[in-house]
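# Residue-level structural notes
So you can see what is in the structure, the chains are spelled out below.
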Amino acid sequence: MALLDILEFPDSRLRTVAKPIKNVTPKIRQLADDMLQTMYLAPGIGLAASQVNVHQRLIVIDISEEKNQPLVMINPQIIQQEGSIESDEGCLSVPGYYEPVSRYSSIRVTALDQNGNPFEIEAEELLAICIQHELDHLDGKLFVDFISKTKRQLIRKKLLKRKKQN
Ligand code: NI
């Protein structure tokens, strides 16, 4: 396993739209494992391949407290959505900032698992929020796109400044 570098806002590579994965190869399985390890260490509850500069449709999530319920979703697609829920979101690509974002509170999602087998899940609340957040990454979107321009520019400035200091 390997730890992967996480791209940070406003890196333009985060704006790339990821491509569907045609075959779930050992390389993809390895990527999922590496992403999980990277996410756990960060620590975070979700990570999209886009964030580690791999522009393929793969996300990993674990919202369990014990960090023992990894969820790998390849080519995830929301097929049903309803309700709305607002909560403070953060992102490993926007470290240190949390802002309220409105999402669907309940979704139905199809995806392939790490072995390439299709599955379908119903997700609510935190899991639903997390899946929508990670799916946005695959489309080149970040949660800061949903906040005010003023706040987004302030975060951008501060993160760029921090990067220079490192
Ligand atoms: Ni994120």
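See the structure shown above.
These numbers come from a predicted model, not from an experiment.

The rules behind the values
Residues numbered from 1 in each chain as written. Predicted model: local features only at pLDDT ≥ 70, side-chain atom pairs only at ≥ 80, totals over all residues. Heavy atoms only, no water. Pairing = 2+ DSSP bridges. Helix = DSSP H or I, 4+ residues; strand = E, 2+ residues; numbered from the N terminus. Axes fitted to C-alpha atoms, helices over the stretch in contact; angles between N-to-C directions. Contact = heavy atoms within 4.5 Å. Expected span 1.5 Å × (residues − 1). Buried < 20%, exposed > 50% of the residue type's maximum accessible area, 1.4 Å probe, protein only. Donors = N, O, S within 2.8 Å, 3.2 Å for Na, K, Ca; no water. Salt bridge = Lys/Arg side-chain N within 4 Å of Asp/Glu carboxyl O.

## A few points about the sheet that holds strand 3 (residues 71-82)
Ordered by their spatial adjacency, 5 strands build an open sheet running 1-2-3-6-7, and the pairing between neighbours is antiparallel. Unpaired on one side and paired on the other, strand 1 (46-48) and strand 7 (118-124) mark the two borders of the sheet. Between one strand and the next, the sheet's axes are offset by a mean angle of 40°, whatever the strand orientation. Across 3 bridges, the pairing between strand 1 and strand 2 (residues 58-61) is antiparallel. When the bridges of strand 2 are listed, Gly46 appears paired with Ile61. The sheet contacts of helix 2 (residues 125-138) involve strand 1, strand 2, strand 3, strand 6 (106-112) and strand 7, and relative to strand 7 the element is tilted by about 120°.

## Considering helix 1 (residues 26-41)
Over its 16 residues, helix 1 runs 23 Å from end to end, which matches the ideal 22 Å to within 8%, given 1.5 Å per residue. The complete set of buried residues in helix 1 reads Ile28, Leu31, Ala32, Asp34, Met35, Leu36, Thr38 and Met39. Taken together, the buried residues of helix 1 touch strand 1, strand 2 and strand 3.

## Focus: the coordination of the nickel ion
The protein atoms that coordinate the nickel ion are Cys91 (SG), His133 (NE2) and His137 (NE2), at distances of 2.1 to 2.2 Å. Between the donor residues of the nickel ion, the gaps in sequence give the motif C-x41-H-x3-H. Taken together, the residues span about one helical turn, with His133 and His137 both in helix 2 at a distance of 4 residues. Judged by relative accessible area, His133 falls into the buried class, the value being 7%. Classification of His137 as buried rests on a relative accessible area of 1%.

## Points about the environment of Lys22
One can find Lys22 in the segment before helix 1. With relative accessibility at 80%, the residue Lys22 sits in the exposed group. Through-space distance from the C-alpha of Lys22 to that of Leu3 is 25 Å; in sequence the pair is 19 residues apart.

## So, unusual backbone geometry
In this model, Phe9 is joined to Pro10 through a cis peptide bond whose omega is 10°. Position of Pro10 relative to the elements: it lies in the segment before helix 1. Cis geometry marks the peptide bond from Ala42 to Pro43, where omega comes out at -10°. Mapped onto the elements of the fold, Pro43 is located in the loop between helix 1 and strand 1.

## Digging into the pattern of salt bridges
Tallied over the entire structure, the rule returns 10 salt bridges. Between Arg103 and Glu89 there is a salt bridge, with the nearest N and O atoms lying 2.8 Å from each other. Here Glu89 lies in strand 4 (residues 85-89) and Arg103 lies in strand 5 (residues 99-103), a separation of 14 residues in the sequence. Both residues of the pair, Arg103 and Glu89, count as buried. The salt bridge partner of Asp136 is Lys141, with a shortest N-O separation of 3.9 Å. The class of Asp136 is buried, set by a relative accessible area of 10%. Relative accessible area serves as the criterion here: at 34%, Lys141 is assigned to the partly exposed category.

## Brief notes about the pairing of strand 2
The two faces of the sheet receive side chains in turn, since in a regular strand these alternate between them. Here strand 2 shows two buried faces, one formed by Leu58 and Val60 and the other by Ile59 and Ile61. Relative to strand 3, strand 2 runs antiparallel, the two being bridged by 4 bridges. Counterpart to Val60 in the pairing with strand 3 is Val72.

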